[in-house]
Amino acid sequence: MESTQLLGVLLFGAIGGGLKYIDEAFDEGVFSREVAVLLAPLVVGLWIALSTMDGTSATILLAILAGVAVCGKVDNKVFQGGALALVAGLWLSGKLQVLWLPFAALTFLGVLDEKGNDYVDGHEAPKVLQFFFLHRFSMKVGCMALYGASYLAWYHVVGFLAFDTAYDAVGTLGARVALKRGIRSEGQEREDAPEALPGLAN
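From a predicted model like this one, the values you see are computed outputs, not experimental measurements.

Of regular secondary structure, the chain possesses nine helices and zero strands. Moving toward the C terminus, one meets the helices and strands of the chain in the order α-α-α-α-α-α-α-α-α. When the 202 residues of the chain are sorted by exposure, 46% land in the buried category. Restricting the contact set of the chain to residue pairs at least 6 apart, pairs at least 24 apart contribute 69%. For the chain, the exposed area adds up to about 10500 Å²; of that, 64% sits on carbon and sulfur atoms.

Next comes the structure, spelled out in structure tokens:
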């Protein structure tokens, strides 16, 4: 792996972890909101840097944002301000390049993941289906299919997996912190924990 490819993967991971920290701080009250406010500009800056370095990475990140926005999940002022700053920064940079077919496919799959996640949260569903949507498997499968069709390089798939792994890891940490503070029940902590494999939760 070349140094620029490794940097891209690391930036994907940093962005995913940062977004989840902010989400947990404002939606669940688990982490410090003051830290989240300071972290938001850094996440935006890393996102812009990665997007201007590589159009394919920009396509993946924008598809994630678009899927969340379509589902109405940009639902607090920090996320809304960050999204506006991000779009403005990318536009003003003049370096944004988007692959429209992969963008459309990944946005659709991102919406499917969000809607599927909402469904399994509110309905009885098989453990496998819960696991599938909790962990964005629609987008994972989509990235791998796009790699197979030569739209994405292998390190872009690794980058997306790094984004998701960091996002899940911070979510797991947040669930455990919330459990200790009594913010969530033990059952909720098990549901939120990314490493809880299907059929293994008590």
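The structure having been displayed, the exposition proceeds.
What follows deals with the side chain of Thr59. Within the element layout of this structure, Thr59 appears in helix α3 (residues 55-70). With near-sequence residues (within four places) excluded, Thr59 lies in contact with Gln97, Val98, Leu99, Pro102 and Phe103.

As a further point, take the environment of Leu134. Topologically, Leu134 is positioned in helix α6 (residues 127-134). Linking Leu134 and Gly116, residues 18 residues apart in sequence, is a C-alpha distance of 8.2 Å.

For the rest of this paragraph, the subject is a nonpolar patch on the surface. On the surface, a cluster of nonpolar side chains totalling about 280 Å² of accessible area is made up of Tyr147, Trp154 and Val158. Secondary-structure assignment places Val158 in helix α8 (residues 154-181). Classification of Val158 as partly exposed rests on a relative accessible area of 30%.

Moving on: the side chain of Asp164. Tracing the backbone through its elements, the reader meets Asp164 in helix α8. Classification of Asp164 as buried rests on a relative accessible area of 3%. Asp164 has contacts with His135, Arg136 and Lys140, leaving out every residue within four places of it along the chain.

Turning our eyes to something else, we now look at the environment of His135. By the secondary structure assignment, His135 is in the loop between α6 and α7 (137-148). Along the sequence, His135 and Asp164 sit 29 residues apart, while their C-alpha atoms lie 7.6 Å from each other.

Before going further, it helps to spend a moment on the packing of α3 against α8. Relative to each other, α3 and α8 sit at 35°, their axes nearing to 10 Å. In the packing of α3 onto α8, the handedness of the crossing is right-handed. Along its contact with α3, which presents Thr56, Ser57, Ile60, Leu61 and Ile64, the element α8 presents His156, Phe160 and Phe163.

When pLDDT is low, close inspection of the predicted coordinates is not appropriate. Counting all residues, the mean pLDDT for the chain is 86, and 90% of those residues have values of 70 or more. The element-level mean pLDDT for the chain is lowest in helix α9 (residues 186-192), coming to 48, with α7 highest at 96. Overall, residues 193-202 carries pLDDT values under 50, and its contacts beyond four positions in sequence, including any with other chains, amount to 16 contacts.

This part is about helix α1 (residues 3-28). Its 26 residues place the ends of α1 37 Å apart at the C-alpha level, agreeing with the 38 Å of an ideal helix rising 1.5 Å per residue. Positioned one or two residues after α1, Gly29 has a phi angle of 70°, which is positive.

Attention now goes to α8. Under the 1.5 Å per step criterion, the end-to-end length of α8 is 41 Å for 28 residues, consistent within 8% with the ideal 40 Å. Just past α8, the residue Gly182 takes up positive phi, approximately 80°.

In the structure shown here, the tally under the stated rule is eight aromatic pairs. Measuring from ring centre to ring centre gives 5.8 Å for Trp154 and Tyr155, while their planes differ by 85°; the resulting arrangement is edge-to-face. With a relative accessible area of 39%, Trp154 lands in the partly exposed category. The exposure class of Tyr155 is partly exposed, given its relative accessible area of 23%. An aromatic cluster is defined as three or more aromatic residues linked by ring pairs; in this entry it consists of Phe131, Phe132, Phe133 and Phe137.

Cut-offs and rules
Residues numbered from 1 in each chain as written. Predicted model: local features only at pLDDT ≥ 70, side-chain atom pairs only at ≥ 80, totals over all residues. Heavy atoms only, no water. Helix = DSSP H or I, 4+ residues; strand = E, 2+ residues; numbered from the N terminus. Buried < 20%, exposed > 50% of the residue type's maximum accessible area, 1.4 Å probe, protein only. Contact = heavy atoms within 4.5 Å. Areas by Shrake-Rupley, 256 points an atom, 1.4 Å probe, with all protein chains shown as cover. Patch = residues over 30% accessible without salt bridge, like charges linked within 9 Å, V, L, I, M, F, W, Y side chains within 5 Å. Salt bridge = Lys/Arg side-chain N within 4 Å of Asp/Glu carboxyl O. Axes fitted to C-alpha atoms, helices over the stretch in contact; angles between N-to-C directions. Left-handed = near helix turned anticlockwise from the far one by under 90°. pLDDT = per-residue confidence, 0-100. Expected span 1.5 Å × (residues − 1). Phe/Tyr/Trp six-rings, centres within 6.5 Å; stacked < 30°, edge-to-face > 60°.

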